[in-house]
Amino acid sequence: FLTISLLPDGNQDFNILERFVIPETEITVYDKFINNESLELLKFVASKLSAGASLHVFHSTRTGGNLLTTATILNSLSAANPSINISCKTCPQSFTRKYHDRFIFFGKRFQVRLSVGLDCFGPINPATGDRLNRESDLIFRDISGSGTLDIVATDGSTHTVRFHGA
């Protein structure tokens, strides 16, 4: 596996993920709490996918503060790349209590576990134009021979991904 460490106040940008995103036809993302900084990463991912690819986003039902609604996430991702298929669903508390970590599944090839949220890349520093990273590890694992995980949505549907474990 591969680990990429983001340092506090580092300036690593989303482009480190580009080579993993571009070849995929399906990406699934799970993060309990999606805010504007998380959405920026999701929009980057959406913008790099080819026409007809699918992006599935799952998050908690929790609202308020700086957390975004499903409608806001869907609208923003659709605007970032109208040629891809996008689904965005909430997960019940029974699921989000069990899976605290955040994951990005690149098809059936790689799983990335993020030690903090998708917002780990941080906001843009207005003075420099660079990102202000939060301390985080992005742990990449080969999942081609792994078991599966059913991500459960509040509407009762499930989405199955290959899963290495937390």
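Heads up: these notes are all about the structure in this document. Here the structure is a predicted model, which means the values were calculated and not measured. (Residues numbered from 1 in each chain as written. Predicted model: local features only at pLDDT ≥ 70, side-chain atom pairs only at ≥ 80, totals over all residues. Heavy atoms only, no water.)

**Things to note about the pairing of strand E2 (residues 26-30)**
To keep things clear, this is the line we draw: Remark: exposure states derive from per-residue accessible area (1.4 Å probe, protein chains only) relative to the maximum for the residue type, with buried under 20%, exposed over 50%, and partly exposed in between. Here a strand is any run of E in DSSP of at least two residues, a helix any run of H or I of at least four, and the numbering for each starts at the N terminus. The handedness rule is simple: strands pointing away from the viewer, and a clockwise path from the first strand over the helix to the second, make the crossover right-handed. Criterion used throughout: strands pair if DSSP finds at least two bridges between them.
Most of E2 sits inside the fold, with 4 of its 5 residues counted as buried. What joins E2 to strand E3 (residues 54-60) is helix H2 (residues 36-48), and the crossover it makes is right-handed. As paired elements, E2 and strand E5 (residues 102-106) share 4 bridges and run antiparallel to each other. If you follow Tyr30 over to E5, its bridge partner there is Phe103.

**Observations regarding the environment of His164**
The condition is simple: Any two residues whose heavy atoms approach within 4.5 Å are treated as being in contact. Here a polar contact means two N or O atoms within 3.5 Å. Within protein one must be a hydrogen donor candidate and the other an acceptor candidate, and residues neighboring in sequence count only if both atoms are side-chain atoms.
With respect to the helices and strands, His164 occurs in the segment after strand E9 (158-163). On a C-alpha basis, the gap between His164 and Pro8 in space is 27 Å, while along the polypeptide they are 156 residues apart. Setting aside anything within four residues of it in sequence, one finds His164 in contact with Gln111, Arg141, Asp142, Ile143 and Ser146. A distance of 3.4 Å separates a polar atom in the side chain of His164 from a polar atom in the side chain of Arg141.

**A closer look at the packing of aromatic side chains**
As a reminder, the rule being used: Each pair of aromatic rings taken from Phe, Tyr and Trp, with Trp reduced to its six-membered ring, is defined by centres within 6.5 Å and is described as stacked if the planes are under 30 degrees apart, edge-to-face if over 60, and tilted in the remaining cases.
Summed over the entire model, instances satisfying the criterion amount to 11 aromatic pairs. Here the aromatic rings of Phe20 and Phe140 are separated by 4.6 Å at their centres, their planes lie at 35 degrees, and the arrangement is tilted. Taken as a pair, Phe20 in helix H1 (residues 18-21) and Phe140 in strand E7 (residues 136-142) lie far apart in primary sequence, 120 residues in all. Summarising the burial analysis for this pair, Phe20 and Phe140 share the class buried. Ring plane angle 90 degrees and centroid distance 5.4 Å describe the contact between Tyr30 and Phe95, whose orientation is recorded as edge-to-face.

**Some thoughts on unusual backbone geometry**
Positive phi, close to 65 degrees, is recorded for Asp9, a residue that is not glycine. Along the chain, Asp9 falls in the loop between strand E1 (2-6) and H1.

**With respect to the state of the cysteines**
Formally: In what follows, a disulfide is any cysteine sulfur pair within 2.5 Å.
All told, the structure shown has 0 disulfides when counted by the stated rule. Cys88 carries a free sulfur, and the closest cysteine sulfur to it, the one in Cys91, is 9.5 Å from it. Among the cysteines around Cys120, which has no disulfide bond, Cys88 carries the closest sulfur, lying 18 Å off. A relative accessible area of 0% places Cys120 in the buried class.

**A closer look at the sheet that holds E2**
Counted only if it meets this: Every axis corresponds to a line fitted to the C-alpha atoms, with the helix fit spanning only the stretch in contact, and the corresponding angles, defined between N-to-C directions, vary from 0 to 180 degrees.
Taken in spatial order, the 7 strands line up as E1-E7-E6-E5-E2-E3-E4 in an open sheet, and their pairing is mixed. Across the chains shown, the open sheet's two edge strands, defined by having one partner strand only, are E1 and strand E4 (85-91). The sheet shows a mean angle of 15 degrees between the axes of neighbouring strands, direction not considered. The pairing of E3 with E4 spans 7 bridges and is parallel.

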